[in-house]
Amino acid sequence: MASQILLLGVIMITCTIAFASDSSPLQDFCVADFNGPVLVNGFTCKDPKLVQANDFFFSGLHLMGNTSNAMGAEGTLVTVAQLPGTVQVGFITSSPENRLITKVLEKGDVFVFPQGLVHFQRNVGNGNAIGIAGLSSENPGVNTVGNAVFGAKPDNPDDLLANAFQVDVSIMDQFQWKF
């Protein structure tokens, strides 16, 4: 009887444990190759060396859709308010290429940053700019490069940083002081 209760307890504990996490991508990004010869549940990926900024870009959210139909909408596209300003965005691919992919966005443009890659956005226009971000993690964090490298507590060792950036150790003291 005791062994049956123990077995039932182990089964109940096993059934109540759940594991959840964000899936880890196998590569930095996968841009569909619509002209590729192989179809495997969709499309294969473009060679990452051939990917360009336009592969991550869409323009047209500022355009009015055709709403003269029974649904009163065109697909799932929503017309958004005018976004003043001009924003330059970009990201850097992984090593060994470390290629900068960048684009200047205007009103109604969309750009997708691959998860986990170093990226940036900056206002390069004359007016204010509005950006809308959607993140793909249930617990997204922000880890800015400057703060992570030069503002760590305790400080990253100067000699380690000097070696990584191939500069004199005294320069690392100047950078860490700013963060």
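Residues numbered from 1 in each chain as written. Predicted model: local features only at pLDDT ≥ 70, side-chain atom pairs only at ≥ 80, totals over all residues. Heavy atoms only, no water.

The name given to the chain in an unreviewed UniProt entry is Germin-like protein, and the organism recorded there is Lactuca virosa. Under the UniProt heading Subcellular location (unreviewed entry), the note attached to the chain is "Secreted, Extracellular space, Apoplast". (UniProt positions renumbered as here; feature names shortened; annotations may be inferred.)

## Observations concerning the state of the cysteines
Applying the stated criterion across every chain, the model contains one disulfide. The disulfide partner of Cys 30 is Cys 45, and the gap between their sulfur atoms is 1.8 Å. Where Cys 30 bonds to Cys 45 through sulfur, the torsion about that S-S bond is close to -100°, and the disulfide is left-handed. Note that Cys 30 is positioned in the loop between α1 (2–16) and β1 (57–59) and Cys 45 in the loop between α1 and β1, a separation of 15 residues in sequence. Cys 30 gets classed as partly exposed once you look at its relative accessible area, which sits at 45%. The partly exposed category is assigned to Cys 45, whose relative accessible area is 31%. (Disulfide = S-S within 2.5 Å. Helix = DSSP H or I, 4+ residues; strand = E, 2+ residues; numbered from the N terminus. Buried < 20%, exposed > 50% of the residue type's maximum accessible area, 1.4 Å probe, protein only.)

## Examining the layout of surface pockets
To find leftover empty space, a probe the size of one water molecule is rolled over the atoms. Looking at the largest pocket, its volume works out to about 1,500 Å³. Those elements that provide at least two residues to the lining of the largest pocket are β2 (87–92), β4 (109–111) and β5 (119–123). A breakdown of the residues in the lining of the largest pocket according to their chemical character gives 23 nonpolar, 14 polar and three charged. The space that makes up the second largest pocket amounts to roughly 150 Å³. Lining the second largest pocket are Gln 27, Asp 28, Phe 29, Cys 45, Lys 46, Pro 48, Lys 49, Thr 93, Ser 94, Ser 95, Glu 97 and Arg 99. Looking at the lining of the second largest pocket, its residues break down into three nonpolar, four polar and five charged. (1 Å grid on protein atoms, 1.4 Å probe; cavity = no way out; pocket = protein on both sides within 12 Å on 5 of 7 lines; lining within 4 Å. Points joined across faces, edges and corners; volume = space filled by probe spheres on them. Nonpolar A, V, L, I, M, F, W, Y, C, P; charged D, E, K, R; others polar.)

## Remarks on the packing of aromatic side chains
Inspection of every chain in the model, using the stated rule, returns 10 aromatic pairs. Ring geometry for Phe 29 versus Phe 56: centroids 5.4 Å apart, planes at 90°, classification edge-to-face. Residue Phe 29 is found in the loop between α1 and β1, and its partner Phe 56 is found in the loop between α1 and β1; the two are separated by 27 residues along the sequence. Its relative accessible area of 12% is what places Phe 29 among the buried residues. By relative accessible area, Phe 56 is classed as buried at 8%. Grouping aromatic residues by their ring pairs yields a cluster made of Phe 29, Phe 56, Phe 91, Phe 111 and Phe 113. The positively charged end of Lys 103 is found above the aromatic ring belonging to Phe 57, 4.5 Å away from the centroid. (Phe/Tyr/Trp six-rings, centres within 6.5 Å; stacked < 30°, edge-to-face > 60°. Lys NZ or Arg CZ within 6 Å of the ring centre and 35° of its normal.)

## Examining the sheet that holds β5
The strand order across the open sheet built from three strands is β3-β2-β5, with neighbouring strands paired in antiparallel fashion. Every other strand in the sheet has two partners, leaving β3 (100–105) and β5 as the edge strands with one partner each. Neighbouring strand axes in the sheet, compared pairwise and without regard to direction, differ in orientation by 15° on average. Direction of pairing for β2 relative to β3: antiparallel, over a ladder of six bridges. If you follow Gln 88 over to β3, its bridge partner there is Val 104. (Pairing = 2+ DSSP bridges. Axes fitted to C-alpha atoms, helices over the stretch in contact; angles between N-to-C directions.)

## Things to note about a nonpolar patch on the surface
Together, Ile 92, Leu 100, Val 118 and Val 145 make up an exposed nonpolar region whose accessible area comes to about 330 Å². One can find Leu 100 in strand β3. (Patch = residues over 30% accessible without salt bridge, like charges linked within 9 Å, V, L, I, M, F, W, Y side chains within 5 Å. Areas by Shrake-Rupley, 256 points an atom, 1.4 Å probe, with all protein chains shown as cover. Salt bridge = Lys/Arg side-chain N within 4 Å of Asp/Glu carboxyl O.)

## As for the side chain of Asp 158
Of note, Asp 158 is situated in helix α3 (residues 158–165). Not counting chain neighbours up to four residues away, the residues in contact with Asp 158 comprise Val 169, Met 172, Asp 173 and Gln 176. (Contact = heavy atoms within 4.5 Å.)

## Observations concerning the pairing of β2
Burial analysis of β2 places five of its six residues in the buried class, the great majority of the element. Relative to β5, β2 runs antiparallel, the two sharing five bridges. The residue bridging Gly 90 from the neighbouring strand is Phe 120, located in β5.

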